[in-house]
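Descriptive analysis of the structure
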Amino acid sequence: MLSGESPENQPLSDRELQVIELVAAGLTNHDIAEKLDISKRTVDNHISNVLTKTGTDNRVALVRWAWRWGKVCLDDVNCCALPNLPGGSPFPESPNE
């Protein structure tokens, strides 16, 4: 971490994002460890780091944070994959163009 930089400004790693998704899916730390083939202690550390980085206090607050910021998709809600339109852009062309 850079001097003077708060933990909340640190980006989440791919593994931390995986852990958040599994927390949001309702898995326990033990179940997450089995699914990712890592130790429960490693999962505990990932969750502790994620709580610090997101400024949340518990798993419920973490899931709310992740949903609000589009980090997880719950029951097909907040899933905003945009279709690719002709030309490769996800945005339609303006009728004036």
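Each value, and the rule that gives it
Residues numbered from 1 in each chain as written. Predicted model: local features only at pLDDT ≥ 70, side-chain atom pairs only at ≥ 80, totals over all residues. Heavy atoms only, no water. pLDDT = per-residue confidence, 0-100. Contact = heavy atoms within 4.5 Å. Axes fitted to C-alpha atoms, helices over the stretch in contact; angles between N-to-C directions. Helix = DSSP H or I, 4+ residues; strand = E, 2+ residues; numbered from the N terminus. Parallel < 35°, antiparallel > 145°, perpendicular 65-115°, else oblique. Left-handed = near helix turned anticlockwise from the far one by under 90°. Buried < 20%, exposed > 50% of the residue type's maximum accessible area, 1.4 Å probe, protein only.

Quick word on the confidence of the model for the protein chain
- Confidence in the prediction for the protein chain averages 80 pLDDT; 66% of positions are at 70 or higher.
- Taken as a whole, residues 1–5 scores under 50 in pLDDT and shows four contacts with residues more than four places along the chain or in a different chain.
- In this model residues 89–95 is a low-confidence stretch, pLDDT under 50, and it forms eight contacts with partners more than four residues away in sequence or in other chains.

Description of the packing of helix H3 (residues 40–54) against helix H4 (residues 59–68)
- Two numbers describe how H3 lies on H4: the axes approach to 11 Å, and their chain directions differ by 60°. Classified by the interaxial angle, the pair formed by H3 and H4 is oblique. In this structure, H3 crosses over H4, and the sense of that crossing is left-handed. Contacts from Ile47, Val50, Leu51 and Thr54 in H3 reach Arg59, Leu62 and Trp65 in H4.

A word on the environment of Val19
- Of note, Val19 is situated in helix H1 (residues 14–24).
- Overall, the relative accessible area of 1% leaves Val19 in the buried class.
- When the C-alpha positions of Val19 and Asn29 are compared, they lie 9.0 Å apart, and in sequence the two are ten residues distant.
- If near-sequence neighbours (up to four positions away) are discounted, Val19 is found in contact with Ile32, Leu36, His46 and Ile47.

Details of the environment of Trp65
- Residue position: Trp65 is located in helix H4.
- For the pair formed by Trp65 and Thr54, sequence separation is eleven residues and the distance between their alpha carbons is 7.5 Å.
- Those residues in contact with Trp65 that sit more than four places away from it in its chain are Leu12, Thr54, Thr56 and Lys71.

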